[in-house]
Each structure stands twice: as structure tokens, then as C-alpha cells.
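Here's the letter readout for the chains.
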Amino acid sequence: MSPERVALLGAIAGVTIFIGLPVGRTRKAIPATKVLLGGLAAGILVFLLWDVLEHAWEPIDQALGDHHYASAIGNGAVMTAGFCLGMLGLIGYEVWMSQRARRRAPSLGPGTAAVAELEPSLLGTPARRLAFFIAVGIGLHNFSEGLAIGQSAARGELTLATLLVIGFATHNATEGFGIVAPLAAEAVRPSWGWLGLLGLIGGGPTFIGTLVGQSVVNDTLSIAFLALAAGSILYVVVELIAAGRKSGHKVLLSTGIVLGVVLGFLTDAIVTAAGA
């Protein structure tokens, strides 16, 4: 298969993430529905967290089984560092944003609409920041998926590469919904451009990873991106659950989480049954 066709496979696997993005423009959902949507997104991400960590640990586990301890220790250190950076990096960014907001607050006069309050900001609201972080975490995860597609094609395993595309495309369709769930029913509709940017952040790395995977077959690189994704996803899951619990709709939140996890395993089961 030519490099161009392999790249096309990566693009197909990533573009399905756009299917769920229009949900982010929903305006009339009641608060309870928003909690359910947030729980569903958290559940999908819980499944992804399990899936990502399993794939990151697999080559380390294999190295331990083969008594290749140096490789296991090295890749284990990469996985630990990536996981810590993925989660603690986002926490650090959130702390920095909060401190920045507190420093700007005293300069705003009481009862006035200062320019600083009105100027558009890419990550201006908590919902937008959370959607952005979800897209980043999923994007890192999808880069690793792209690596798998490209590496399979590079090894001549074209049937496997095609099945991976089908599986990843199915998962990405649900991931798109997970990205924009925090934006549903927000006071101001996100623009189509903003949703498109989120889609590129979340789905674009699948295509990029496919290009890289065709020329670079490296377990350590894959582990690094999977670990970064896992840390980012865990941060987002904690934030989604915290926001849902504040609403007081614990039953709806829990129901959404369970449904999201089941949906993740269901799509994975369908792909596995198909032979991927």
C-alpha cells in the first residue's frame, strides 16, 4: 500500500470525531440533562483511560516476561514520567489560570463591564477549558492510535491496519461527543470554528500519528504518548465528576458514567468481534 493511501486511512480514522461535535451547540438542555451528558462523557473517558493504560503497559509487561529488565525499567520510567506530566501539567495550567484571574480582578471597578471582562478568550470559561483539555487528552491518545495504523502498514500487515482504522473511527465518533459535552447548554453557543478547532486537536493527531508510524516503529515513543494521554484523561475525568457532584444530581451523574463505560466497551467489543 502506498504512503498516500496509508495516510488516507489515518485521515478517515480521525475525521469521524467531528460527528459528535454539533452537540456542543445545544442551548436548551435542562441542568439535569447537562449532568447526564457530563457523566456520559466521563464514562467514555474512563473506558479510554483503561484502554490507554493497557496498551502502554503491554510492551513493558512483555519485556518483564522475557526477562528484558533494562527495557522494562526504561519504558516504565517513560510511562511514569508521561503520566505525571499529562496530569500534573494540566493541573499546573489550571492553577496558573486561577492565579492570573485573581491578579486581574482588583483592577476591575465595581459594577463596571471592563474591556478585560468582555474581550473574547479562547479558553475563557470553565466549560471551554474543560472541552479543550478533553480534546488534548483524546488527541494524544489518537496520536498513538495513528502510530499503530502506520506501524501496521509499515510491517505489511495491511488487513490489520484496515481493521484498526474501522475500530478507531468507531471510537472517535463517540469521543467527539465526549469533547463537547461540557459545552452543551452553555449560555453562549460555541462557534463552528471553535468546534472545528476542537475536532482538529482531538482527531488530527490520528492522521499525524499515521504518517509518523509509517517511518518510525518505536515502542518507547508509543508508550510516551499513551502515558501523556492517560494523565490528561484522568485529570479531565476528575474535573467532570467534580462538576457533576456539585449539581446535586448524583444518580444522573452515576447513570451517565455507567452508560459511557458500557458504550466504550460495546464499541470495542464490536470491533474485536469483527476481527481487529
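Keep in mind that what you see is a predicted model, and the values were worked out from it rather than measured. (Residues numbered from 1 in each chain as written. Predicted model: local features only at pLDDT ≥ 70, side-chain atom pairs only at ≥ 80, totals over all residues. Heavy atoms only, no water.)

1. Details of the overall build of the protein
- A count of helical and extended segments in the protein gives nine helices and zero strands.
- Counting helices and strands in the order they occur from the N terminus, the protein gives α-α-α-α-α-α-α-α-α.
- For the protein, the accessible area works out to roughly 13,400 Å², and carbon and sulfur atoms hold 69% of it. (Helix = DSSP H or I, 4+ residues; strand = E, 2+ residues; numbered from the N terminus. Areas by Shrake-Rupley, 256 points an atom, 1.4 Å probe, with all protein chains shown as cover.)

2. Notes on the UniProt feature "transmembrane region" (unreviewed entry) in the protein
- Residues given the UniProt feature "transmembrane region" (unreviewed entry) here are residues 6–23, 35–53, 73–96, 192–217, 223–244 and 251–274.
- Strand forms 0% of residues 35–53 and helix 100%; the C-alpha atoms that close the span are 27 Å apart. (UniProt positions renumbered as here; feature names shortened; annotations may be inferred.)

3. What to know about the packing of aromatic side chains
- Applying the stated criterion across every chain yields a total of six aromatic pairs.
- Feature note: the residues F47, W50 and F265 constitute an aromatic cluster, connected by ring pairs. (Phe/Tyr/Trp six-rings, centres within 6.5 Å; stacked < 30°, edge-to-face > 60°.)

4. A short note on the packing of helix α1 (residues 3–15) against helix α7 (residues 192–215)
- Their axes nearest at 7 Å, the elements α1 and α7 cross at an angle of 155 degrees. Taken together, α1 and α7 sit at an angle that is classed as roughly antiparallel. In terms of crossing hand, the pair formed by α1 and α7 is right-handed. Note on element contacts: α7 touches α1 through G203, T206, F207, T210, L211 and Q214, opposite P3, V6, A7, G10, A11, A13 and G14. (Axes fitted to C-alpha atoms, helices over the stretch in contact; angles between N-to-C directions. Parallel < 35°, antiparallel > 145°, perpendicular 65-115°, else oblique. Left-handed = near helix turned anticlockwise from the far one by under 90°. Contact = heavy atoms within 4.5 Å.)

5. Notes on unusual backbone geometry
- The phi torsion at H67 lies on the positive side, around 65 degrees, for a residue other than glycine.
- Relative to the elements of secondary structure, H67 occurs in the loop between α2 (31–65) and α3 (69–104).

6. A few points about the side chain of N75
- Tracing the backbone through its elements, the reader meets N75 in helix α3.
- On the basis of relative accessible area, N75 is assigned to the buried category, the value being 7%.
- Contacts of N75, omitting those with residues within four sequence positions, involve I60, T220 and I223. (Buried < 20%, exposed > 50% of the residue type's maximum accessible area, 1.4 Å probe, protein only.)

7. Comments concerning the packing of helix α5 (residues 126–154) against α7
- Running from N to C, α5 and α7 point in directions that differ by 25 degrees, and their axes come no closer than 6 Å. Accordingly, the angle class assigned to the pair α5 and α7 is roughly parallel. For the element pair α5 and α7, the recorded crossing hand is right-handed.
- Of the residues that constitute the contact of α5 with α7, the class distribution is 15 nonpolar, 12 polar and one charged. (Nonpolar A, V, L, I, M, F, W, Y, C, P; charged D, E, K, R; others polar.)

8. A short note on α5
- Here α5 is 29 residues long and its end C-alpha atoms lie 42 Å apart, about the 42 Å a rise of 1.5 Å per residue gives.
- The buried count for α5 comes to 24 of 29 residues, which makes it a mostly enclosed element.
- G156 lies just past α5 and shows a positive phi near 85 degrees. (Expected span 1.5 Å × (residues − 1).)

9. Regarding the nonpolar core
- Within the largest apolar cluster, 50 residues are counted, with the highest numbers of intra-cluster contacts made by L45, I134, I179, L183, L198, V236 and L240.
- Where this core is concerned, the elements lending two or more residues are α2, α3, α5, α6 (158–180), α7, α8 (219–246) and α9 (250–273).
- The biggest single contributor to this core is α2, with 14 residues.
- In contact with I134, not counting residues within four places along its chain, are L45, G178, I179, P182, V236 and L240. (Core = buried A, V, L, I, M, F, W, Y, C linked by side-chain atoms within 4.5 Å.)

10. Notes on a nonpolar patch on the surface
- The grouping of W57, L64, Y69 and I73 at the surface amounts to a nonpolar patch, some 430 Å² of accessible area in total.
- Of all elements in the fold, only α2 and α3 reach the threshold of two or more residues within the nonpolar patch.
- Within the fold, L64 resides in helix α2. (Patch = residues over 30% accessible without salt bridge, like charges linked within 9 Å, V, L, I, M, F, W, Y side chains within 5 Å. Salt bridge = Lys/Arg side-chain N within 4 Å of Asp/Glu carboxyl O.)

11. Describing the environment of G248
- Among the structural elements, G248 can be located in the loop between α8 and α9.
- Residues G248 and V35, 213 residues apart in the sequence, show an inter-C-alpha distance of 9.3 Å.

12. Details of the confidence of the model for the protein
- Averaged over the protein, the pLDDT score is 78; the fraction of residues at 70 or greater is 81%.
- α7 holds the highest mean pLDDT among the elements of the protein, 88, whereas helix α4 (residues 115–118) holds the lowest, 37.
- Within the model, pLDDT remains below 50 along residues 110–120, and this stretch shows seven contacts once partners closer than five positions in the same chain are excluded. (pLDDT = per-residue confidence, 0-100.)

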